[in-house]
There are 2 protein chains.
Amino acid sequence: MTQPLRTSQTSAAADRLHDIFPLPAGRTLDICLKLHSAILEHRLAPGIKLSEDEVGEIYGVSRTVVRAALQALAHSGMVTIEKNRGAFVARPTIREAHEVFEARALIEPRIARMTAQAVSEADLVRLQAHIDAEHEALAAGDMGKALSLSGQFHTEIADIANHQILANMVRSLISRSSLIIALYWKRADTACESHSHHALLKSFAEHNGEAAEEIQKSHIIDLHSGLDLRDRLDKTNSLAEALT
Amino acid sequence: MTQPLRTSQTSAAADRLHDIFPLPAGRTLDICLKLHSAILEHRLAPGIKLSEDEVGEIYGVSRTVVRAALQALAHSGMVTIEKNRGAFVARPTIREAHEVFEARALIEPRIARMTAQAVSEADLVRLQAHIDAEHEALAAGDMGKALSLSGQFHTEIADIANHQILANMVRSLISRSSLIIALYWKRADTACESHSHHALLKSFAEHNGEAAEEIQKSHIIDLHSGLDLRDRLDKTNSLAEALT
DNA sequence: TGGACAATTATTGTATACGATCTTGGTTGC
DNA sequence: GCAACCAAGATCGTATACAATAATTGTCCA
């Protein structure tokens, strides 16, 4: 297909994102993707209010389209909508955080196995480039970008597996993981991550599904353990953290 | 909590359904649930057009709320929306059908294992009552109701497992399964199904997670094999099937 | 001075109106 | 007679206006 006009980020990743939002391409989808990437890049912190008027004015569209976009985001778990109160960037609870990573630990290893079977040479090259970019961002100290790329690595794997439904589940889980990491990440070093990704890629190159599954499982569990999910004041408003 | 006014069907099932649609309770949610159950009960066949004006007039609401409801249903995969053409009850492709049951075969056995651990006496009683109702419907020859109850049985199990994210995934998959069954079911006898459900319940009563996982896995695979997913004209409009 | 109540303000929920796009039926030219 | 084109109708996409609800702030009384 010819490259359609795309206003933001890498078109490859953006194109795949269409699958999450079952919206006929248009302004609504644009707003969706913009808010989505803003949240993924941690430019919109969890809990922030997304006023319809405000968002509409920023992007130059009516509340109607903003509403549709917010509802779409709500369905993917990135936004919560409260009746007569408005939409907010989601603040996953500790419990949700556990559930997300448990779900990932269930689904992604299976995906990895499928990917090891279906992967092509071009895919391997693309994944390697992704890892390089991740290293690069890490070396530059751009932690936010590194984490974002790390998530995209997982979604790319899911795409290669050629299983749309599981891939969309993974995508949704990874989006939520981004919010969870924004709230609960404790580990300073993400070096081990890159190592996992490299090992995973190696197993793909060897078409070793068993190994890929095992590596991915360990990797997810490792990520899970990298969160600080102790029961500190969970329901704290932004007020409390401003006063610490 | 006090029983809120609920316009349709059993409140227990309906209450849980709220989780699928992240909408603040209101007319939009009502329409969503009504269309949802209509589709699940096979009263709306796959492919049927859901005109905004038409639906709005039926339920006495504006197109605005109907639109929101249709978009919500689109997110859950029950409805497809085509730009400038409208919304239709989804027609899962053969590929999607495979994917749905593959995903179920991955997730539901794990859920079953968790349920075996978390199940209470009250849960067991409720599940048994569900099986009885299923037998009853089957004896009465009401195949549609039996299938609907069969699906609800799976969602109830997911609720007991106490894992919201996986439960919602299962709910979504089962909703789509209903559409798939409407399109591709070939097996005349569903007796084996009831047997599986009974065996599952027994493993729950014994808190035998291993057994529950294995039984559920076999059960899902069995359901999958009960579909006629040969490559007959897949993209057929309602026209072709009207001329057979 | 503290709390409860009431009016104001702001924001969302819903309906309606208008413009854009697609479908459909008829007409015209070849 | 056939195909292509054009116009009319219908449906969706979007914007705007009004109504309903919740948060806030100011005021009054104990």
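In the block above lies the structure referred to throughout.
Residues numbered from 1 in each chain as written. Chains lettered and ligands numbered in written order. Predicted model: local features only at pLDDT ≥ 70, side-chain atom pairs only at ≥ 80, totals over all residues.

Draft legend 1. Structural view of the relation of the copies chain B and chain A. Aligned on chain A, chain B shows an RMSD of 0.1 Å; the corresponding rotation is 180 degrees and the shift along the axis is 0.0 Å. Taken together, the rotation angle and the small translation identify this as a two-fold axis. Mapped onto chain A, 100% of the interface residues of chain B are again interface residues, and the two copies thus contact each other with one and the same surface. (Least-squares fit on C-alpha atoms with pLDDT ≥ 70 in both. Contact = placed C-beta atoms within 7 Å.)

Draft legend 2. Representation of the interface of chain B and chain A within the structure. Each side of the interface is counted separately: chain B has 23 residues, and chain A has 23 residues. At the level of secondary structure, the elements contributing two or more residues to the side of chain B that touches chain A comprise α4 (63-75), β2 (79-82), α5 (94-118) and α8 (164-184) of chain B. With 6 residues, α5(B) is the largest single contributor of residues to the side of chain B that touches chain A. Among the residues forming the side of chain B that touches chain A, the class breakdown is 14 nonpolar, 5 polar and 4 charged. (Helix = DSSP H or I, 4+ residues; strand = E, 2+ residues; numbered from the N terminus. Nonpolar A, V, L, I, M, F, W, Y, C, P; charged D, E, K, R; others polar.)

Draft legend 3. Region of interest: the pairing of β2(B). All names here are of chain B. With 4 bridges joining them, β2 and strand β3 (residues 86-89) adopt antiparallel strand pairing. In the sheet register, threonine 80 faces β3, and the bridge partner there is phenylalanine 88. Following β2, the chain reverses through 3 residues before pairing antiparallel with β3; asparagine 84 in that reversal takes a positive phi of roughly 60 degrees. (Pairing = 2+ DSSP bridges.)

Draft legend 4. Layout of the sheet that holds strand β2 (residues 79-82) of chain A. Residue and element names in this part refer to chain A. Across the sheet, 3 strands lie side by side as β1-β3-β2; this open sheet has antiparallel pairing. Where the open sheet ends on each side, the last strands, each with one partner, are β1 (49-50) and β2. Of the strand pairs in this sheet, β1 and strand β3 (residues 86-89) are connected by 2 bridges, and their pairing is antiparallel. In the strand pairing of β3, lysine 49 is matched with phenylalanine 88.

Draft legend 5. Expanded view of the protein's contact with DNA strand D. The full set close to DNA strand D counts 18 residues, and Gly26(A), Ser62(A), Thr64(A), Asn84(A) and Gly86(B) are the nearest of them. The set of elements that each furnish at least two residues to the surface near DNA strand D consists of α2 (27-40) and α4 (63-75) of chain A together with α3 (52-59) of chain B. Here the surface near DNA strand D gets 3 residues from one element, more than from any other, and that element is α4(A). Partitioning the surface near DNA strand D into residue classes produces 3 nonpolar, 8 polar and 7 charged. (Near = placed C-beta within 6 Å.)

Draft legend 6. Structural context of the nonpolar core. Among the nonpolar cores identified, the biggest contains 130 residues, and Cys32(A), Ala69(A), Leu166(A), Cys32(B), Ala69(B) and Leu166(B) are the most heavily contacted of them. With sequence-adjacent residues up to four places away left out, Leu166(A) is seen in contact with Ile107(A), Ile111(A), Ala158(A), Ala161(A) and Ala103(B). (Core = buried A, V, L, I, M, F, W, Y, C linked by C-beta atoms within 7 Å. Buried ≥ 20, exposed ≤ 12 C-beta atoms within 10 Å, placed from the backbone.)

Draft legend 7. Layout of the protein's contact with DNA strand C. Surveying the vicinity of DNA strand C reveals 18 residues, the closest of which are Glu52(A), Gly86(A), Ser62(B), Thr64(B) and Asn84(B). Elements supplying a minimum of two residues to the surface near DNA strand C: α3 (52-59) of chain A together with α2 (27-40) and α4 of chain B. It is α4(B) that provides the largest number of residues to the surface near DNA strand C, a total of 3 residues. Looking at side-chain class alone, the surface near DNA strand C contains 3 nonpolar, 8 polar and 7 charged residues.

Draft legend 8. Inspection of the sheet that holds β3(B) at higher detail. Pairing in this open sheet of 3 strands is antiparallel, and the strands run β1-β3-β2 (chain B) from one edge to the other. The outermost strands of the open sheet, each flanked by one partner alone, are β1 (49-50) and β2 of chain B.

Draft legend 9. The arrangement of the environment of Ala112(B) in detail. Residue and element names in this part refer to chain B. Here alanine 112 lies in helix α5. Accessibility expressed as a C-beta count within 10 Å gives 27 for alanine 112, which makes it buried. Here the alpha-carbon distance between alanine 112 and glutamate 54, two residues 58 residues apart in the chain, equals 41 Å. When near neighbours in sequence (up to four residues on either side) are disregarded, alanine 112 contacts Ile157, Leu200, Ala212, Glu213 and Gln216.

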